[in-house]
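# Coordinates in review
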Amino acid sequence: MKKLDQTQTPLFDALMEYVNNNTIPFHVPGHKKGEGMAKKFLDFVGKNVLSMDVTVFQQVDSLHKPTGPIKYAQELAAEAFGADATFFSIHGTSGAIQAMILSVMGEDEKIIVPRNIHKSVTSGIILSGAIPIYMQPEIDKNIGVALNVTPETVEKTLRQHPDAKAVLIINPTYYGVSTDIVKIAEIVHDYGAILMVDEAHGPHLKFNEKLPISAMEAGADICAQSTHKIIGSMTQSSMLHVKGDRIDINRVKQVMSLLQTTSPSYILLASLDVARMQMATEGKELLDRTIELAEYARREINKIKGLYCFGEEIVGRDGAYDFDPTKVTITVKGLGITGHQLERILAEKYYIQVELSDMYNVLCVFSIGDTKEKVDYLLRALREISDELYDENIEVAKPIDIPEIPELVVSPRYAFNAPTVALPLRESVGQISAEFLMAYPPGIPVLCPGERITMEIIEYVEKMKEANLSIQGTEDPEANYIKVVNYRQALNVIA
């Protein structure tokens, strides 16, 4: 097959033709190329970006039934990322993950997933009616983060549930840790199952040999990527990739059309088009520089008293087959503070905003947009904070064990839709949760709809609150109350 010209940007070019022709818009949106936009917003944004904020018509194609520039842009992306078909998502990777699950899973079918899934995976499970079978990822208690699931864990779970239709893994994790995805793909396919990958944090992997292998290269059947996270598209723009004959591509098309708005942002779509072009034509060089900057930061951070920044030394441990160096995780417990406290200091004193904080760490995501000047400013801030807080007699906080996976009593879909009552957390022990409980970011649930609430979970949540971490998932914004399933109706389902 003839290779496509990756220097082309068909969708962006179609929009620029519309703009350069001074087309008069008698179509939505109502701001009409910025003419009707509020002045304070227009003065900051300018008319250029607003002039390409258009609606669906032939010249710029339709996301739901692409036949022109969007179709070609998706074909270019499929070739660049090593897929057979690629779909643009303008409601983020959360939407792409939901579509991925809905394209494959039906009601009461089993899907094997790691416990440290993003809430969008659980949302997809609820929407599909599938039954989750959880795997426990390996945990590094020193830094207090989940690593990844091992191939052995995947195989053991499939032996216990040979009727599982699919396995979904996260690769790499939020913290950049990759599993042996090639081996996992072989295991999953040997059992006749489908391998889905949440590759939200790996859209760049395909474009530099210093990075872990990408899902499509490793043999995955379908994967969702956050194109906006590391490479240069806009927030909320992502891609869904499909490869091989185990996935019904027409079904994926139908589900994507079902979930996505009929008024997609062409600005977001165009940013996906040009981000693909940039990676396909100069991605290696851009990522070489990004990796070099991240490794420089890692070396310098490890010289600062009270701080630790893990890197390649974790490779080889259970659950850490490979590592993405662009994820810079700074462990702060040697300063006697939480990651949340360091995030606040950096934001309020130095105007540095990190990606996330947890009990022991802050995560800095390095990308093709970073510069040495900005990295050096981060390092100066960290040195000042260390000079102020470090004390060799500081009592280092002990790790808080993540609770055991609770019993799944009813399906997440049933629990989510069931009649409920709100109870104080401490009074909910033994009940069946109708809501999530998760420390956010990064949105990893300790409790999902349909699971039995345990005292261990309640005590864990209380410790997270004491550390000022955000607990989300409950209707109660303070997470002092949780909705539980009407117990009598749940008993009828169980019986």
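Preceding this paragraph is the structure being described.
Residues numbered from 1 in each chain as written. Predicted model: local features only at pLDDT ≥ 70, side-chain atom pairs only at ≥ 80, totals over all residues. Heavy atoms only, no water.

## Examining the pattern of salt bridges
The following threshold applies: Basic side-chain nitrogens of Lys or Arg form a salt bridge, by our definition, when they fall within 4 Å of a carboxyl oxygen of Asp or Glu. Here a strand is any run of E in DSSP of at least two residues, a helix any run of H or I of at least four, and the numbering for each starts at the N terminus. Partly exposed residues are those whose accessible area sits between 20% and 50% of the maximum for their type, while under 20% is buried and over 50% is exposed, using a 1.4 Å probe and protein chains only.
All chains considered together, the criterion is met by 24 salt bridges. Among the ionic pairs, Glu 35 bridges to Lys 47, the shortest N-O distance being 2.5 Å. Of the two residues, Glu 35 sits in the loop between helix 1 (10–20) and helix 2 (39–45) while Lys 47 sits in helix 3 (residues 47–51), which places them 12 residues apart along the sequence. Lys 110 is the partner of Asp 163 in a salt bridge, and the nearest nitrogen-oxygen pair spans 3.3 Å. Of this pair, Asp 163 sits in the loop between helix 7 (151–160) and strand 6 (166–170) while Lys 110 sits in strand 2 (residues 110–114), and the two are 53 residues apart along the sequence. Judged by relative accessible area, which is 53%, Asp 163 ranks as exposed. Judged by its relative accessible area of 21%, Lys 110 falls in the partly exposed class. Ionic contacts of the salt-bridge type, sharing partners, join the residues Glu 209, Lys 210, Lys 284 and Asp 288 into one network.

## Observations concerning the environment of Val 28
Heads up, the condition is: We call two residues in contact whenever any of their non-hydrogen atoms come within 4.5 Å of each other.
Among the structural elements, Val 28 can be located in the loop between helix 1 and helix 2. Measuring from C-alpha to C-alpha, the distance between Val 28 and Met 279 comes to 32 Å, with 251 residues separating the pair along the chain. When neighbours within four sequence positions are excluded, Val 28 is seen to be in contact with Val 54 and Thr 55.

## Details of the sheet that holds strand 6
The strands making up a sheet associate through backbone hydrogen bonding, with each pair oriented either parallel or antiparallel. Put simply, the rule is: The pairing criterion is simple: DSSP has to find at least two bridges between the two strands. Think of each axis as a best-fit line through the C-alpha atoms, taken over the contacting stretch in the case of a helix, with angles from 0 to 180 degrees between the N-to-C directions.
Pairing within the open sheet is mixed, and its seven strands lie in the order 1-10-9-8-6-2-3. Every interior strand has two partners, whereas the edge strands, strand 1 (85–89) and strand 3 (131–135), have only one. Adjacent strand axes in the sheet meet at a mean angle of 20° when their direction is disregarded. Examined bridge by bridge, strand 6 and strand 8 (residues 194–199) share five bridges and lie parallel to one another. For Ala 166, the partnering residue across the bridge sits in strand 8 and is Ile 194. Docked against the sheet, helix 8 (residues 181–190) engages strand 6 and strand 8, running at close to 150° with respect to strand 8.

## Topic: the packing of aromatic side chains
The relation between two aromatic rings is expressed through the spacing of the ring centres and the mutual angle of the planes. Spelled out, the test is: Centres within 6.5 Å are what make two rings of Phe, Tyr or Trp a pair, Trp counting through its six-membered ring; a difference in plane orientation under 30 degrees is then read as stacked, over 60 as edge-to-face, and the rest as tilted. The criterion for a charge sitting over a ring is simple: Lys NZ or Arg CZ within 6 Å of the ring centre, and within 35 degrees of the ring normal.
Applying the stated criterion across every chain yields a total of four aromatic pairs. Measuring from centroid to centroid gives 5.4 Å for Phe 310 and Phe 323, while their planes differ by 55°, and the two rings are tilted. Of this pair, Phe 310 sits in the loop between strand 11 (308–309) and strand 12 (322–323) while Phe 323 is found in strand 12, placing the two residues 13 residues apart along the sequence. Each member of the pair, Phe 310 together with Phe 323, is buried. A cation over an aromatic ring shows up here: Lys 33 above the ring of Tyr 18, its NZ or CZ 4.9 Å from the ring centre. It is Lys 333 that lies over the ring of Tyr 360; its NZ or CZ is 5.3 Å from the centre.

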